[in-house]
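# Geometric and topological summary
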Amino acid sequence: MKEAIERTRLDHFVSVETLENEEVTALIKRAGELKWGAAPQYAGIKYAVNLFFESSTRTHKSFEMAENKLGLKVIDFEPSTSSLTKGESLYDTVLTMAAIGVDVAVIRHGSESFYTDLINSPTISCSIINGGDGAGQHPSQCLLDLMTIYEEFGSFEGLKVAIVGDLTHSRVARSNMQMLQRLGAEIYFSGPPEWYNPSFDQYGQYRPLDELVKMVDVMMLLRVQHERHETYGNFSTASYLEKYGLTADRERNMLGHAIIMHPAPVNHDVELQGTLMECPRSRIVTQMQNGVYARMAILEAVLAH
Ligand code: CP
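Here the structure is a predicted model, which means the values were calculated and not measured.

### Quick notes on the pairing of strand 6 (residues 186-190)
- With four of five residues buried, strand 6 is to be regarded as a mostly interior element.
- By the bridge criterion, five bridges tie strand 5 (residues 160-164) to strand 6 in an arrangement that is parallel. Paired with V161 across the two strands is I187, which belongs to strand 6.
- The β-α-β motif built from strand 5, the intervening helix 7 (residues 171-182) and the parallel element strand 6 has right-handed crossover chirality.
- By the bridge criterion, three bridges tie strand 6 to strand 7 (residues 204-206) in an arrangement that is parallel.

Here it is, written out as structure tokens:
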């Protein structure tokens, strides 16, 4: 346990691109230890604030739960009643939080790489955790997804993982394809061709969904992100499910040991048919549970630096 703690001292946690494979593996293992009852390890009284400028249920509340389980003091912050309404910038808000004694700020913001100015500031002394930056990265979701896969299979090497759906707009997909490839998984993609970007070719292959359901160990579905689409074109929920969603027929064709994942929130009968979210091979609820422990491990790592 001591070894895992020493390896995961981080100043900030903003992108999987800045993490070494060994740091990620140590965080996954530490999250598992915390899940099974290990005592949190950091020194002294520490303060956290959660600054969420985009909607969130899971990320916001599981960070809050993680902070409570670690014994942190959580400073209340509501964007709509803060000086942001008077035009204060994100930078000045975080500068203020650090000045009043906050040790760690968890931030979700619609601007990609919003954290760059904050982590390079000579004055902001608190750690920054990225809770999602536009269509950029979602590193804490990536860590909880990796934890869930590791719990199931014990390794990433040679594992076949399909990432399916709204790839272009998904920060979850971006973080996961980068990290899973680095850890040795084989990545496959499917979904609407107009939501596929050729830059994903460096991480894996695009294949028809009906082919992938019969061969992958992990079927990772993505939410259709209506809020990031400028036009819906001729999108219809029924035709999406039929062409690119996991129907009951497709689920029956999956390998016996294969699991279903989805970062949630789920658009029911769009990405997943009926009650598949709670079927025996679904790990979607486990992902939500693991989110608390993955986020405890992240908080512990930034508070240990
Ligand atoms: N998976 C995820 O980020 O969910 P929320 O938007 O509810 O935080």
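### A short note on the layout of surface pockets
- Taken as a whole, the largest pocket encloses approximately 370 Å³ of empty space.
- Elements that contribute at least two residues to the lining of the largest pocket include exactly helix 3 (58-70) and helix 7.
- A breakdown of the residues in the lining of the largest pocket according to their chemical character gives five nonpolar, eight polar and seven charged.
- When residues of the lining of the largest pocket are assigned to domains, at least three fall in each of domain 1 (2-136 + 289-303) and domain 2 (139-283).

### Digging into the sheet that holds strand 3 (residues 104-109)
- Sheet architecture is open: four strands sit in the order 2-1-3-4, paired in parallel fashion. The two strands at the open ends of the sheet, each matched to only one other strand, are strand 2 (73-75) and strand 4 (127-133). Neighbour to neighbour, the strand axes of the sheet diverge by 20 degrees on average, direction disregarded.
- Pairing analysis gives five bridges linking strand 1 (residues 47-52) to strand 3, with the strands arranged parallel. The partner of N50 across the bridge, within strand 3, is V106.
- The sheet strands contacting helix 4 (residues 90-99) are strand 1, strand 3 and strand 4, and the helix crosses strand 3 at an angle near 160 degrees.

### Structural notes on the site of the ligand
- Taken together, S56, T57, R58, T59, R108, H138, Q141, P263 and A264 make up the full set of residues adjacent to the ligand.
- Note that an oxygen atom of the ligand is positioned 2.9 Å from one of the side-chain N or O atoms of H138.
- Here P263 contributes a backbone N or O atom positioned 2.9 Å from a nitrogen atom of the ligand.
- Across the complex, the protein chains shield 91% of the 260 Å² of accessible surface that the ligand would expose by itself.

### Quick word on the domain arrangement of the chain
- Per the domain assignment, the segments of the chain are domain 1 (2-136 + 289-303) and domain 2 (139-283).
- Counting residues at the interface gives 33 residues for domain 1, matched by 25 residues for domain 2.
- For the pairing of domain 1 and domain 2, the buried interface totals around 2,300 Å² over both sides, and the portion due to carbon and sulfur atoms is 59%.
- At the junction of domain 1 with domain 2, the criterion picks out 11 residue pairs in polar contact (both at pLDDT 80 or more).
- Taken together, the elements giving at least two residues each to the side of domain 1 that touches domain 2 come down to helix 2 (21-35), helix 3, strand 4 and helix 11 (284-303).
- Residue composition of the side of domain 1 that touches domain 2, grouped by class: 13 nonpolar, 11 polar and nine charged.

### Observations regarding the confidence of the model for the chain
- When pLDDT is averaged along the chain, the result is 93; 95% of the residues meet or exceed 70.
- Counting contacts from residues 1-6, a segment whose pLDDT is below 50, to residues more than four positions away or on other chains yields eight contacts.

### Considering the packing of aromatic side chains
- Per the counting criterion, the structure on display carries nine aromatic pairs.
- Chaining the aromatic ring pairs together yields one cluster made of F189, Y196, F200 and Y206.

### Description of empty space enclosed by the protein
- All chains considered together, the criterion is met by one cavity of 30 Å³ or more.
- The element best represented in the lining of the largest cavity is helix 6 (residues 139-153), accounting for four residues.
- Structurally, the lining of the largest cavity is a two-domain feature, drawing no fewer than three residues from each of domain 1 (2-136 + 289-303) and domain 2 (139-283).

### Considering the sheet that holds strand 5
- The sheet built from five strands is open, its strands ordered 7-6-5-8-9 with parallel pairing. The outermost strands of the open sheet, each flanked by one partner alone, are strand 7 and strand 9 (259-261). The sheet shows a mean angle of 20 degrees between the axes of neighbouring strands, direction not considered.

### Examining the nonpolar core
- I129, L146, I163, L167, L180 and F189 are the most contacted members of the largest nonpolar core, which totals 55 residues.
- The greatest single-element share of this core, amounting to 10 residues, is contributed by helix 11.
- Of the residues that make up this core, three or more belong to each of domain 1 (2-136 + 289-303) and domain 2 (139-283).
- Ignoring any residue separated from it by four or fewer positions in sequence, one finds L180 in contact with L146, I149, F156, V161, A185, I187 and M220.
- Formed by 21 residues, the second largest nonpolar core is a distinct cluster that contains Y188, L221, L272 and L276.

Conventions adopted
Residue positions are given per chain, counted from 1 along the sequence in the order it is written. At least 70 in pLDDT is required for a residue's local features to be given in this predicted model, at least 80 for side-chain atom pairs to be given and counted, and no such filter applies to totals for whole chains, interfaces and linings, which use all residues. For the side-chain quantities, the full set of heavy atoms in the structure was used; hydrogens and water were omitted. Only protein chains enter the accessibility calculation, which uses a 1.4 Å probe. A residue is then buried if its area is under 20% of the maximum for its type, exposed if over 50%, and partly exposed in between. Numbering of helices and strands runs from the N terminus; a helix is a DSSP stretch of H or I covering at least four residues, while a strand is a stretch of E covering at least two. One requirement defines pairing of two strands: DSSP has to find at least two bridges between them. Here the term right-handed applies to a crossover when the path leading from its first strand over the helix to its second strand runs clockwise, the strands being oriented away from the viewer. Every definition here rests on a 1 Å grid over the protein atoms only: cavities are sets of points where a 1.4 Å probe fits but cannot get out, pockets are open sets enclosed by protein on both sides within 12 Å along at least five of seven lines, and lining residues have some atom within 4 Å of a point. Grid points are joined across faces, edges and corners, and a volume is the space filled by probe spheres set on the points. In the scheme used here, Gly and all other residues not listed as nonpolar or charged are polar, with Ala, Val, Leu, Ile, Met, Phe, Trp, Tyr, Cys and Pro taken as nonpolar and Asp, Glu, Lys and Arg as charged. These domain limits were set by an automatic method or by a database of domain assignments. To get an axis, fit a line to the C-alpha atoms, keeping to the stretch in contact for a helix; angles then go from 0 to 180 degrees between the N-to-C directions. Residue contacts follow a heavy-atom distance rule, with two residues in contact if any of their heavy atoms lie within 4.5 Å. We call a residue near a given molecule or strand whenever any one of its heavy atoms falls within 4 Å of it. Any pair of N or O atoms that falls within 3.5 Å is considered a polar contact. Within protein, one atom must be able to donate a hydrogen and the other to accept it, and sequence-neighbouring residues count only if both atoms are side-chain atoms. Using the Shrake-Rupley algorithm and a 1.4 Å probe, accessible areas are obtained, with residue cover drawn only from the displayed protein chains. Buried area: the sum, over both parts, of the accessible surface (1.4 Å probe) that disappears when the two are put together. The pLDDT score gives, residue by residue, the confidence of the prediction method on a 0 to 100 scale. Note on aromatic pairs: the rings of Phe, Tyr and Trp (six-membered ring only in Trp) are paired at centre separations within 6.5 Å, and the planes decide the class, stacked below 30 degrees, edge-to-face beyond 60, tilted for the rest. What is meant by a nonpolar core is a set of buried Ala, Val, Leu, Ile, Met, Phe, Trp, Tyr and Cys residues, joined one to another through side-chain atoms within 4.5 Å.

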